[in-house]
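Understanding the architecture of this molecule
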Amino acid sequence: MTVNLKKKNLFFPGSSVHTSPDEFGNNRSALILIIICFSLLIIRVGYLQVVKGTYYRELSENNRLRFTEIIPYRGKIFDCDKKILVDNRSAFNLIVVKEDCKDIKDKLKKISKLLNISLVFLEKVVKDATQKGLPGFAQITLVSDLTWEQVALFENYRYDLAGLSIIVEPKRNYHPDGFASHLIGYLGRIEERELKSNVFKGLKGGDMVGKTGLEKEFDEALRGIKGLQQKEVDSVGRVIKVLHTIPPEPGKNLILTINSKLQAVANKELAGKAGAIVAIDPRNGAVLAFASAPSFSQNLFICGFNSKDWNSLLNDPLKPLQNKVTQGQYPPASTFKVITAMAGFSAGLISTEQYINCPGFIYVGRHRSRCWRRYGHGPVNFHKSLVESCDVYYYQLGLKMGVDHLARISRMFGLGNQTGFCIQPEAKGLVPSSEWKLARYGIPWQKGETVSIAIGQGFMLVTPLQLAVAYAAIGNGGKIYTPYVVDSIQDIEGQIISHTKPQLKRIIKFPENAREHILKGLAGVVNESHGTGWACRLKNITVGGKTGTAQVIRLLKKYEGKKEKDIPYKY
């Protein structure tokens with residue numbers, strides 16, 4: 001029998017609810033179940049907060065998660081024969097985490113005495129890191145590249161030095177040290193302006209990046225990708241366990257076109273001097289040797305300079321930090337005569353059988369321009385002019401053609417413009433013209449200035465690399481290549497990622513027989529007894545070349561006419 005219980009609905013007046021005894025019992029059971037669940041939950045929360053609160057609070061404070069970056073091994077650099085020029089070694093660095101080092105001042109005093117490191121220096125490192133806004137859990141590198149003795153001492157007392165630890169990181173290793181230092185370059189700490197650029201995404205303060213040379217230009221490929229390690233540590237930073245590791249990706253390797261044997265010869269010849277040597281394969285523009293002197297130690301930049309060594313580098317009058325191959329701008333002197341000759345052939349002004357007389361000077365207006373040989377060369381044809389480097393021959397040739405024609409031919413050979421070499425910055429040099437002088441100085445060009453330009457003096461400036469590219473074009477039949485030094489980029493397994501293809505910029509069309517006459521003259525410079533390069537001849541190889549001596553400073557009268565060995569080097 002069903003009994004209908006009518007009850008006025010509180011929410012909907014006028015409606016009624018009909019509830020059976022079974023439904024009423026079920027609702028009551030559900031209500032009781034909910035009350036029980038909430039009661040259990042309240043009891044559990046109370047237990048965790050009141051009974052176990054102290055335990056879990058200590059556990060939270062004493063055990064924390066730390067994320068540590070794993071620095072990848074930087075890519076190696078090899079010569080053309082796969083001989084290692086640059087690799088990496090393991091370095092032991094002392095670090096501190098301020099959050100784990102409650103009494104950091106006392107700890108710094110202890111470590112200063114223990115490892116014989118200046119306390120002022122250690123305090124400054126921590127202060128600088130604090131001012132940069134580094135968080136308390138960040139690692140601060142106090143000292144890089146500890147000695148084995150320092151590492152052993154630290155390990156003996158490590159339990160008294162909570163918050164301090166030693167980590168192992170890869171360190172760049174250049175060997176032989178200073179070998180092609182201007183080409184390879186060096187590393188340094190990343191600067192704030194670099195961190196703000198898109199080039200160094202993912203890096204942070206203190207990371208090492210390429211600063212010059214190949215280390216800079218190929219930094220992204222060489223540096224690899226950082227790894228990450230998640231660790232659980234206790235209240236003093238001791239590792240309890242490693243939770244997760246993402247391994248780093250090592251950098252790519254560079255295979256260069258440099259020949260180490262040839263490079264060693266270049267370094268030896270420049271020892272004790274200021275200058276540059278660059279050798280290019282004329283068939284494709286590959287750089288075989290690249291030396292700028294004086295050189296410098298790249299490892300000093302890694303290990304750190306003291307102020308004395310750094311000031312010595314900066315104040316050295318021979319400028320060891322300047323890359324003279326690409327940044328040095330010099331008057332080419334008589335090495336420029338091959339360009340003047342090519343301009344003369346193109347203007348139809350040279351007859352190879354015609355002779356002129358060289359008395360040792362010519363007059364341009366009232367100015368007397370001398371030949372390098374005081375008493376002259378006598379009768380001179382084109383071949384003799386190049387072999388014996390007669391200035392008077394090229395004075396007269398320059399006056400006949402004018403500076404603007406000479407400037408146009410010079411630019412065809414790449415002078416006055418960057419070569420496009422990968423190492424930057426690269427100087428442009430200077431090829432003067434009448435238009436250039438008028439714009440620069442506001443006065444017309446003078447004939448006497450043409451005389452100087454014809455023998456590579458005056459306003460004319462070139463870099464050693466530009467001149468090498470120009471001579472390579474004469475040797476290969478007029479092809480101007482962009483010089484390159486990285487043959488390929490490879491991964492750690494030796495798989496080629498990219499390979500450099502020779503880049504032909506343009507082909508110069510030489511006047512008929514001009515190249516043959518010039519090459520014959522260059523061979524005579526070295527192999528004929530009156531040639532200015534006679535001392536450079538070889539027994540089994542026919543070598544061509546051109547000497548040049550630029551006057552960059554006026555000699556004191558007491559040195560005029562003296563032999564080279566009797567004149568101070570600065571002159």
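Above: the structure in question.
Now for a look at the structure at hand. (Residues numbered from 1 in each chain as written. Predicted model: local features only at pLDDT ≥ 70, side-chain atom pairs only at ≥ 80, totals over all residues. Heavy atoms only, no water.)

**Some details on the pattern of salt bridges**
Quick note on the threshold: Salt bridge, as used here: a side-chain nitrogen of Lys or Arg that lies within 4 Å of a carboxyl oxygen of Asp or Glu. Per-residue accessibility, obtained with a 1.4 Å probe over protein chains only, is compared with the maximum for each type, and a residue is labelled buried under 20%, exposed over 50%, and partly exposed between these values.
A complete count under the given rule lists 21 salt bridges for this structure. For Asp103, the salt bridge is made with Lys107, and the minimal N-O distance between the two is 3.1 Å. Its relative accessible area of 31% is what places Asp103 among the partly exposed residues. Given a relative accessible area of 7%, Lys107 falls into the buried group.

**Some words on unusual backbone geometry**
A negative phi angle is the norm for most residues apart from glycine, just as the trans form is the norm for most peptide bonds. Applicable threshold: The helix count covers DSSP runs of H or I at least four residues long, the strand count covers runs of E at least two residues long, and both are numbered beginning at the N terminus.
Following His175, the chain continues to Pro176 via a peptide bond in cis, the omega torsion being -5 degrees. Relative to the elements of secondary structure, Pro176 occurs in the loop between β5 (164-174) and α6 (181-184). Note that the residue after Ala293, namely Pro294, is joined by a cis bond; omega there is 0 degrees. Within the secondary structure, Pro294 is located in the loop between β12 (287-293) and α11 (298-303). Within the chain, Ala180 stands out as a residue other than glycine whose phi angle is a positive 55 degrees. The residue Ala180 is located in the loop between β5 and α6 in this model. The phi angle at Ala333 is positive, at roughly 55 degrees, despite the residue not being glycine. Inspection of the secondary structure assignment puts Ala333 in the loop between α12 (307-315) and α13 (337-346). Given the relative accessible area of 2%, Ala333 is considered buried.

**Examining the packing of helix α3 (residues 104-115) against helix α5 (residues 148-156)**
For clarity, the threshold we go by: Helix axes are fitted to C-alpha atoms over the stretch in contact, other axes to C-alpha atoms as well, and angles between N-to-C directions run from 0 to 180 degrees. Orientation is classified from the angle alone, with under 35 degrees giving roughly parallel, over 145 giving roughly antiparallel, 65 to 115 giving roughly perpendicular, and any other angle giving oblique. In this scheme the crossing of two helices becomes right-handed for a clockwise turn of the near helix relative to the far one and left-handed for an anticlockwise turn of less than a right angle. Whether two residues are in contact is decided by their heavy atoms: any pair within 4.5 Å suffices. Polar here means any residue other than Ala, Val, Leu, Ile, Met, Phe, Trp, Tyr, Cys and Pro, which are nonpolar, and Asp, Glu, Lys and Arg, which are charged; Gly is therefore polar.
Between α3 and α5, the least distance of the axes is 10 Å, while the angle of their chain directions is 135 degrees. Between α3 and α5, the crossing angle belongs to the class labelled oblique. Note on packing geometry: the crossing formed by α3 with α5 is right-handed. For the pair α3 and α5, contact is made by Ile111, Leu114 and Leu115 and by Gln150, Leu153 and Phe154, respectively. Residue composition of the contact of α3 with α5, grouped by class: five nonpolar, one polar and no charged.

**A short note on a nonpolar patch on the surface**
The following threshold applies: Patch building starts from residues that exceed 30% relative accessible area and form no salt bridge, then joins like charges within 9 Å and nonpolar side chains (Val, Leu, Ile, Met, Phe, Trp, Tyr) within 5 Å. With residues, only the protein chains shown are counted as cover, and all accessible areas are computed by Shrake-Rupley using a 1.4 Å probe.
A cluster of nonpolar side chains, namely Leu65, Phe67, Leu228, Leu243 and Ile246, defines an oily patch on the protein surface of about 450 Å² accessible area. If you list the elements that add at least two residues to the nonpolar patch, you get β1 (64-70) and β9 (239-246). Relative to the helices and strands, Leu243 resides in strand β9.

**Focus on the packing of aromatic side chains**
Condition: Working definition: a ring pair exists when centres of Phe, Tyr or Trp rings (six-membered ring for Trp) sit within 6.5 Å. Plane angles under 30 degrees give stacked, over 60 give edge-to-face, the rest tilted.
Within this structure, the stated rule accounts for 15 aromatic pairs. Measuring from ring centre to ring centre gives 5.9 Å for Tyr186 and Phe296, while their planes differ by 85 degrees; the resulting arrangement is edge-to-face. Here Tyr186, found in the loop between α6 and β6 (187-189), pairs with Phe296, found in the loop between β12 and α11; they are 110 residues apart in sequence, far enough to count as distant. The same class applies to Tyr186 and to Phe296, which are both buried.

**Thoughts on the packing of helix α19 (residues 464-476) against helix α20 (residues 514-527)**
With their axes 9 Å apart at the nearest point, α19 and α20 run at an angle of 115 degrees to one another. Between α19 and α20, the angle falls in the class roughly perpendicular. The crossing of α19 and α20 is left-handed. Contacts between α19 and α20 involve Tyr471, Ile474, Gly475 and Asn476 from the former and Arg515, Ile518, Leu519 and Leu522 from the latter.

**Some words on the side chain of His405**
The topology assignment puts His405 in helix α16 (residues 403-412). Discounting chain neighbours no more than four positions away, the residues touching His405 are Ala343, Ser346 and Ala347.

**Re helix α4 (residues 119-131)**
Going by this rule: By this rule, a helix spans an expected 1.5 Å times one less than how many residues it contains. Distance and chemistry together define a polar contact, namely a pair of N or O atoms within 3.5 Å, with one atom able to donate a hydrogen and the other to accept it when in protein, and with adjacent residues in sequence counting only for side-chain atoms on both sides.
Between the first and last C-alpha of α4 there are 18 Å, a value that for 13 residues agrees with the 18 Å anticipated at 1.5 Å per step. For α4, the N-terminal cap is Ser118; the gap from its side-chain oxygen to the backbone nitrogen of Val120 is 3.3 Å. The positive-phi residue at the C-terminal boundary of α4 is Gly133, with phi of around 80 degrees.

**Let's talk about the state of the cysteines**
For clarity, the cut-off: Note on terminology: disulfide denotes any pair of cysteine sulfur atoms within 2.5 Å.
Evaluated as defined, the whole model comprises zero disulfides. Unpaired in this structure, Cys390 has its nearest cysteine sulfur neighbour in Cys358, at a distance of 3.6 Å.

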